[in-house]
Amino acid sequence: MTDPLIPLDDDLAAAFQIEGWPVRGRIVRLGAAVHQVLSAHDYPEPVAALLGEACVLAALVGSSLKFEGRLIVQAQGDGPVRYVVADYDTTGTLRGFCRFDPEAVAAASAGFARPGAQSLLGQGVMIMTVDRGPDFERTQGITPIEGESLSLCAEHFFEQSEQVPTKVRLAVGSVDSGTGPNWRAGGALIQVIAADDARGSTEDVWDRSRALFATLADDELLDPEVTPQVLLYRLFHEDGVRLEGTRALKASCRCSADRIGAVLGSFPAEERAEMVEPDGKIHVTCEYCARVYALDPETVAHQASASPSLRASDAAP
């Protein structure tokens, strides 16, 4: 976790607290990290924006985990985008990718407005998965795709799975900061703490919090000149607000030659032989970062016979 004394204005996730209010929140700002994820593939603009939303949402929720592990946000449906996934690791790393039909995306993008989640994903579901490692079972929550932003799906997810009233705002866009256009993304969420005997009713405070939160604009979340501190001050300056537990974020893929080789080793020898290309290598492209691996078939075969237990764990998504 980042030292709270070190200023950090970009590629971060942080909690915030409004003084004296039974409301908690989190904010995410992504610059170079989201640009690296979205520019790894030649995504159409609406598809890149959808993936950016998933990355922000994964960081918003994942950065609140109190244990080591991963938070995976995935959405799938019968629309032009078949599958979008963003993977947040509690070390602060992000990765993600989309599968889509280019012609169907182009047709959906023919209107004046950029198509969003429901237009791109169609009828489907959003799934949040918590992975605490091989010693624990994964836990999942599922909610239908509703609305043109994954923010609505997230709000319904929290209402259904945790019965916590939640408001979420996500923004993704291309910003020219002097070196050419670069992808940026940002997001925030607020949640009300349940009423109790000491606290009393929180309904009025929650109504006011939602009204202030609704004034948050996309350009404020994306503008690199508007720091998180400034943004939160604009929203809640009358009551006082402070950032807590700032965490640095970066794009990073877990792929490696050993990991890819272990996955290939799980295939029968006959199938591996059919994968060999004219240069004598097996070529594999990582779906996340688009890095291309050229592996020697004999090395893969040796790895398959020497490390069966490694194959099983590395083959897991």
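The structure we're discussing is the one just above.
If you're wondering where the values come from, they're calculated on a predicted model, not measured in any experiment. (Residues numbered from 1 in each chain as written. Predicted model: local features only at pLDDT ≥ 70, side-chain atom pairs only at ≥ 80, totals over all residues. Heavy atoms only, no water.)

Visitor: Is there a simple way to think about the packing of aromatic side chains in this case?
Guide: Two numbers describe a pair of aromatic rings. These are the distance of the centres and the angle of the planes. Taken as a whole and assessed by the stated rule, the structure comprises six aromatic pairs. Geometrically, the ring pair formed by Phe97 and Tyr288 is edge-to-face, given 4.7 Å between the ring centres and 80° between the ring planes. Of this pair, Phe97 sits in strand E5 (residues 93–100) while Tyr288 sits in the loop between strand E12 (282–285) and strand E13 (292–295), and the two are 191 residues apart along the sequence. Tyr288 matches Phe97 in its accessibility class, with the two residues each being buried. Each member of the aromatic cluster is reached from another via a ring pair, and the members are Phe16, Trp21 and Phe236. The cationic tip of Arg99 hangs over the ring face of Tyr83; the distance from NZ or CZ to the ring centre is 5.5 Å. Directly above the ring of Phe67 sits Arg132, whose terminal nitrogen or CZ lies 4.2 Å from the centroid. (Phe/Tyr/Trp six-rings, centres within 6.5 Å; stacked < 30°, edge-to-face > 60°. Helix = DSSP H or I, 4+ residues; strand = E, 2+ residues; numbered from the N terminus. Buried < 20%, exposed > 50% of the residue type's maximum accessible area, 1.4 Å probe, protein only. Lys NZ or Arg CZ within 6 Å of the ring centre and 35° of its normal.)

Visitor: Which parts of the structure should I look at to understand the side chain of Arg29?
Guide: By secondary structure assignment, the location of Arg29 is in strand E2 (residues 23–30). Buried charge without a salt bridge: Arg29, with Asp10 as the nearest opposite-charge side chain at an N-O distance of 5.1 Å. Looking at Arg29, its side chain comes within polar contact range of the main-chain oxygen of Asp223, at 2.6 Å. (Lys, Arg positive; Asp, Glu negative; His and termini not counted. Salt bridge = Lys/Arg side-chain N within 4 Å of Asp/Glu carboxyl O. Polar contact = N/O pair within 3.5 Å; in protein donor to acceptor, adjacent residues only side chain to side chain.)

Visitor: It is not clear to me how the pattern of salt bridges should be interpreted in this structure. Could you clarify?
Guide: Pairing is possible between side chains that carry opposite charge, provided their charged atoms lie close to one another. Counted according to the given criterion, the structure contains 14 salt bridges. Between Asp87 and Arg70 there is a salt bridge, with its nearest N and O atoms 2.6 Å apart. Here Arg70 lies in strand E3 (residues 70–77) and Asp87 lies in strand E4 (residues 81–89), a separation of 17 residues in the sequence. Under the relative-accessibility criterion, Asp87 is labelled buried at 2%. A relative accessible area of 11% places Arg70 in the buried class. Linking Arg99 and Glu287 is a salt bridge whose minimum nitrogen-to-oxygen distance equals 2.7 Å.

Visitor: Teacher, can you tell me more about the sheet that holds strand E9 (residues 181–192) here?
Guide: Two strands in a sheet stick together by hydrogen bonds in their backbones, pointing the same way (parallel) or opposite ways (antiparallel). The sheet built from five strands is open, its strands ordered E8-E9-E2-E1-E10 with antiparallel pairing. The open sheet has two free edges, formed respectively by strand E8 (166–176) and strand E10 (241–248), since each of these has just one partner strand. With strand direction ignored, the average angle separating the axes of adjacent strands in the sheet is 15°. Pairing analysis gives six bridges linking strand E1 (residues 12–18) to E2, with the strands arranged antiparallel. Across the sheet, residue Ala14 finds its bridge partner in E2, namely Ile27. Of the strands in this sheet, E1, E2, E8 and E9 are in contact with helix H2 (residues 45–62), which crosses E9 at around 40°. Docked against the sheet, helix H5 (residues 150–161) engages E8 and E9, running at close to 155° with respect to E8. (Pairing = 2+ DSSP bridges. Axes fitted to C-alpha atoms, helices over the stretch in contact; angles between N-to-C directions. Contact = heavy atoms within 4.5 Å.)

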